[in-house]
Each structure stands twice: as C-alpha cells, then as structure tokens.
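Spelled out, the chains give:
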Amino acid sequence: MDFETWLKLVVLFGAGGLTPGPAVMLVMASSFRYGFRPAMLAAFGIAAANVLWLLLAASGTGALLEAFPAVTFALKMLGLLVILYLALSVIIGPLPDMSVGSEDAPRRSRLFAKGLGLQISSPMPLVYFGILLPVFFDPAKPMIQQFLIMLITVTVTEICGLAVYAGFSRWIRTKLQDPRAAKAFNWIIGIVMIISGGWAILG
C-alpha cells in the first residue's frame, strides 16, 4: 500500500471515528461512571469488532475487484453517495444528545463485551467496511500485507478517536449542551466527512 492510499485511509476512518454515534455514547457513559481506563475497555471491544468487519471486507475482495474492474468504480460512487448522505444527515440532523450519563453505562465487567456487541450490530461499520474499505484494496498486491496495514490503521484511528471522547467526556458534554456549539460541531464533522470522503474516494 502506497503512502497516499494509506493517508486517505487514515483521514477517512479518522473522521468516521470522531462522528458521534452509539459507540461514542457508550464510551462517554462508561467514562462518566468509571473513569478513563475502564471506558477504554468498551473502546477495545469496539476495535475488536472492527477486526471481524475487516475480515469480511477482505474476504474475496481481491478476486472480485480483479474479475470485475467496474465493481471498483461502482463502490467508489456508492461510497461517495453514502458519505454525502451521512454528512448531510449530521449537518441538518438533530443535535448530539449529550444527556447520556453514568446510568447508561453497562456494568464494569461487561464493558468489553458491550462494545463488541454494539459494534457488531451497528449499521455504521457496514457502510465503512462493506462499501468504502474494499476500494482501498489493490488486487495486484499481496492481500495479507494490505490487511495487516488496514487492521493497524483502522484500530489505531478508532482507539484514538474514542480516547478523545473518554478523556474529555465531561468537557465535551458541557460544551455541546449549548445548542449553538452543538450545531457548529455538527457542521464541522459534516464538512470534514465530505472533504475526507471525497479526497479518499476520488483523489
């Protein structure tokens, strides 16, 4: 995998990891109740589920793209449309729900399992891993090497994004309770998604 392709992967999944969703809310609630380190157990459960999604994305991807080059173009266009839809949904959609509290967190012993189960059942990974990630595979290059690079990259970006929410959960919740700040946050996330997604897919 060349550096530019890898950088696109980092930008795309980095922006996705910062987008508020069920995984972020779980980590924030766990941080409110137990603190940073226990909250990261939920984050690691989410990252572990991503390994399963990545395995599904890599299975047969190289052969499919090599046999049907038009599939690559179709996935790119579909991915771009999905990114635009998600970004606009964030921009014009409801403000982030920052009412999440410690009572919303599972028991400490179940944090990892809750993160794992949540990410497996969430539709968002299907978008990123099922539609967008296959575009980054090059069927002319060794699949195992590409898989390992993607695994490390996606895991690190996911963990870093969730760590931000876990570490600054109380500050983030306080700031985003202001409707104007929450709306500005939505716009920033949406614009970053559009720019990063467009560059990663069409660049």
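Residues numbered from 1 in each chain as written. Predicted model: local features only at pLDDT ≥ 70, side-chain atom pairs only at ≥ 80, totals over all residues. Heavy atoms only, no water.

An unreviewed UniProt entry lists the protein under the name Amino acid transporter LysE, with Algimonas porphyrae given as the organism. UniProt's Subcellular location (unreviewed entry) comment on the protein is quoted here verbatim: "Cell membrane". (UniProt positions renumbered as here; feature names shortened; annotations may be inferred.)

**Quick word on the overall build of the protein**
A tally of regular secondary structure across the protein gives ten helices and zero strands. Its helices and strands taken in sequence order, the protein reads α-α-α-α-α-α-α-α-α-α from the N to the C terminus. Buried residues in the protein amount to 45% of all 203 residues. Surface accessibility of the protein: about 10,200 Å² in total, with carbon and sulfur atoms responsible for 72%. (Helix = DSSP H or I, 4+ residues; strand = E, 2+ residues; numbered from the N terminus. Buried < 20%, exposed > 50% of the residue type's maximum accessible area, 1.4 Å probe, protein only. Areas by Shrake-Rupley, 256 points an atom, 1.4 Å probe, with all protein chains shown as cover.)

**Quick word on the UniProt feature "transmembrane region" (unreviewed entry) in the protein**
Here, UniProt's "transmembrane region" (unreviewed entry) annotation points to residues 6-29, 41-65, 77-95, 116-137, 143-172 and 184-202. Within residues 6-29, the helical portion is 83% and the strand portion 0%, while the C-alpha atoms at the span's ends are 32 Å from each other. Taken end to end, residues 143-172 is 97% helix and 0% strand, and its two terminal C-alpha atoms sit 39 Å from one another.

**Observations concerning the packing of helix 3 (residues 36-58) against helix 8 (residues 143-167)**
Interaxial distance between helix 3 and helix 8 falls to 9 Å at its minimum, and their mutual angle equals 150°. Considering their axes alone, helix 3 and helix 8 lie roughly antiparallel with respect to each other. Of the two possible hands of crossing, helix 3 and helix 8 adopt the one that is right-handed. Residues Phe36, Ala39, Met40, Ala43, Phe44, Ile46, Ala47, Asn50, Val51, Leu54, Leu55 and Ala58 of helix 3 touch helix 8, and the partners they reach there are Met143, Phe147, Met150, Leu151, Val154, Thr155, Glu158, Ile159, Leu162, Ala163, Ala166 and Gly167. For the contact of helix 3 with helix 8, the per-class residue count stands at 20 nonpolar, three polar and one charged. (Axes fitted to C-alpha atoms, helices over the stretch in contact; angles between N-to-C directions. Parallel < 35°, antiparallel > 145°, perpendicular 65-115°, else oblique. Left-handed = near helix turned anticlockwise from the far one by under 90°. Contact = heavy atoms within 4.5 Å. Nonpolar A, V, L, I, M, F, W, Y, C, P; charged D, E, K, R; others polar.)

**A few points about the pattern of salt bridges**
Throughout the structure, instances matching the rule amount to one salt bridge. Close ionic contact of Lys8 with Glu4 constitutes a salt bridge, the shortest N to O distance being 3.8 Å. In this pair, Lys8 and Glu4 both sit in helix 1 (residues 3-17), four residues apart, roughly one turn of the helix. Accessibility expressed as a relative area gives 8% for Lys8, which makes it buried. Its relative accessible area of 43% is what places Glu4 among the partly exposed residues. (Salt bridge = Lys/Arg side-chain N within 4 Å of Asp/Glu carboxyl O.)

**Considering the nonpolar core**
Membership of the largest hydrophobic core comes to 47 residues, with the highest contact counts inside it found for Phe13, Val27, Tyr128, Phe129 and Leu133. Residues within four places of Val27 in sequence aside, it is in contact with Ala39, Ala42, Ala43, Ile46, Leu162 and Ala166. (Core = buried A, V, L, I, M, F, W, Y, C linked by side-chain atoms within 4.5 Å.)

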